[in-house]
Structure formats: C-alpha cells, structure tokens
Amino acid sequence: MAIERTFSIIKPDATKGNHTGGINAMIEAAGLRIVAQKRVKWKLADAKKFYAVHAKRPFFKDLVKFMVSGPVVVQVLEGNDAVKKYRDIMGATNPKEAAAGTIRATFAKSIDENSVHGSDSIENAKKEIKQNFKAKEIVG
Ligand code: ADP
Ligand code: MG
C-alpha cells in the first residue's frame, strides 16, 4: 500500500459541538497523521467553489449555507491508503446508515450535518489540498 494524502474537513456541526479533538483522536487511532490543519471560516464563494461538483443537486444551496454557518477545520491526512482509510472511518454519508464506531455514527446528526468531509479519490484529494493549503503549510 502506498503512502497517500487525503483532504479532510471537520464541518460546522462538529466544530460547534466541540468534537474537533474527538474526531482527531479517531483519525490518529486509525493510523493517519494530521500533517496540516487550520481552523477557518469559509465565505459563500469558498463553499460554492469546493462543492461545485454538486452545483446541480437539490441539496446544494443548503449544503453551502451550512458550510458557512460556522468555523471549519481543514486538514491534510497522510498514511497508507489514506483516501480509502479515511472514507472507511468516516462512515456513510447518512449517519443513520453509518457503521457503529465510525466518525459519522459517533458525532453526526443528519445527512446534511454529517460532521466530516473526506476526498473520494487520490485525484480529488490532490485538487482539494491544493485549493486549501500552500505547500509550505503541509509538514509531513
Ligand atoms: P460524502 O460527503 O459522503 O462524499 P457527497 O459527496 O455525496 O457525500 O455529498 C456531499 C455532502 O453533501 C454530504 O457530505 C452531505 O453533507 C451533503 N449531502 C449529500 N447528499 C445529501 C442529501 N440527500 N441531502 C442533504 N445533504 C446531502
Ligand atoms: Mg463527496
């Protein structure tokens, strides 16, 4: 398995609920290393750009509104098979369908307020990391 990097967001429901540390503990317990991290408040344009792939979906407007409703913590995670590993520990998009012990089963309230984002491919991870971090902010 190759060492990869993936992009993560701790979403506004989770920063509001003070779950940043709890989520980070689960990330580290899974063997992923947090090699970059910052807490930021997105503007509407940031959320629209990040989720542009979902622009035509019926939930898009609520999604971008939610993503600017409070601070987010953006992260780069590094480790073996990081993209898939993080998707596995995040759990299903809908927390009601997420396996027990996953981040979303533990912390998320609903499909729209589901605590975390993780890249779904190596290609998208590269794109999302570049969009959110300068190279010198990532220290592996
Ligand atoms: P994931 O975050 O698991 O990769 P998607 O990429 O399909 O899921 O969707 C992006 C985000 O949009 C989800 O995490 C969730 O916050 C929101 N979302 C997806 N589907 C719905 C839906 N049916 N209703 C409301 N929000 C949704
Ligand atoms: Mg996705």
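Please refer to the structure higher up on the page.
Residues numbered from 1 in each chain as written. Chains lettered and ligands numbered in written order. Predicted model: local features only at pLDDT ≥ 70, side-chain atom pairs only at ≥ 80, totals over all residues. Heavy atoms only, no water.

Quick notes on the overall build of the protein
Looking only at helices and strands, one finds seven helices and four strands in the protein. The linear arrangement of helices and strands in the protein, starting from the amino end, is β-α-α-β-α-α-β-α-α-β-α. Expressed as lengths along the three principal axes of its C-alpha atoms, the size of the protein is roughly 35 × 35 × 25 Å. For the protein, the proportion of contacts with a sequence separation of at least 24, taken over those separated by at least 6, is 77%. Working note: accessible area of the protein is about 7,800 Å², and carbon and sulfur atoms make up 53% of it. (Helix = DSSP H or I, 4+ residues; strand = E, 2+ residues; numbered from the N terminus. Contact = heavy atoms within 4.5 Å. Areas by Shrake-Rupley, 256 points an atom, 1.4 Å probe, with all protein chains shown as cover.)

A look at unusual backbone geometry
Positive phi is not limited to glycine here, since Asn18 has a value of about 65°. For Ser115, which is not a glycine, the phi torsion comes out positive at approximately 70°. Structurally, Ser115 is set in the loop between α6 (103-107) and β4 (116-118). Given the relative accessible area of 0%, Ser115 is considered buried. (Buried < 20%, exposed > 50% of the residue type's maximum accessible area, 1.4 Å probe, protein only.)

Quick look at the side chain of Gln75
On the secondary structure map, Gln75 appears in strand β3 (residues 72-80). Classification of Gln75 by relative accessible area gives buried; the value is 0%. A distance of 2.7 Å separates polar atoms of two side chains, one belonging to Gln75 and the other to Asn24. Polar side-chain contacts of Gln75 include one of 2.7 Å to the side chain of Gln37. Look past the residues within four positions of Gln75 in its chain and what remains in contact with it is Thr6, Phe7, Ser8, Ile10, Asn24, Ile27, Ile34, Ala36, Gln37 and Phe133. (Polar contact = N/O pair within 3.5 Å; in protein donor to acceptor, adjacent residues only side chain to side chain.)

Remarks on the site of ligand 1
Neighbouring ligand 1 are the residues Lys11, Tyr51, His54, Phe59, Leu63, Arg87, Thr93, Arg104, Ile111, Asp112 and Asn114. One of the side-chain N or O atoms of Lys11 is found 3.0 Å from an oxygen atom in ligand 1. A distance of 3.4 Å separates an oxygen atom of ligand 1 from a polar backbone atom of Ile111. Out of a free accessible area of 520 Å², ligand 1 has 78% covered by protein chains. In terms of residue class, the shell around ligand 1 is made up of four nonpolar, three polar and four charged. (Near = heavy atom within 4 Å. Nonpolar A, V, L, I, M, F, W, Y, C, P; charged D, E, K, R; others polar.)

Comments concerning the nonpolar core
Within soluble globular proteins, side chains that are nonpolar tend to cluster in buried spots. Counting residues in each nonpolar core, the largest one holds 20 residues, and the members touching the most others are Ile9, Trp42 and Met67. Elements supplying a minimum of two residues to this core: β1 (3-10), β2 (33-40), α3 (44-50), α4 (60-67) and β3. Residue contributions to this core peak at five residues, all from α4. Those residues in contact with Met67, other than ones at most four positions away along the chain, are Ile9, Lys11, Pro12, Trp42, Ala47, Tyr51 and Val72. Formed by 13 residues, the second largest nonpolar core is a distinct cluster that contains Ile27, Leu32, Leu77 and Ala82. (Core = buried A, V, L, I, M, F, W, Y, C linked by side-chain atoms within 4.5 Å.)

Things to note about the pairing of β3
A large share of β3 lies buried, amounting to eight of its nine residues. Across eight bridges, the pairing between β1 and β3 is antiparallel. Of the residues in β3, the one forming a bridge with Glu4 is Gly79. Sheet analysis places β2 next to β3, joined by seven bridges and oriented antiparallel. Bridging across to β3, Lys38 finds its partner in Val74. (Pairing = 2+ DSSP bridges.)

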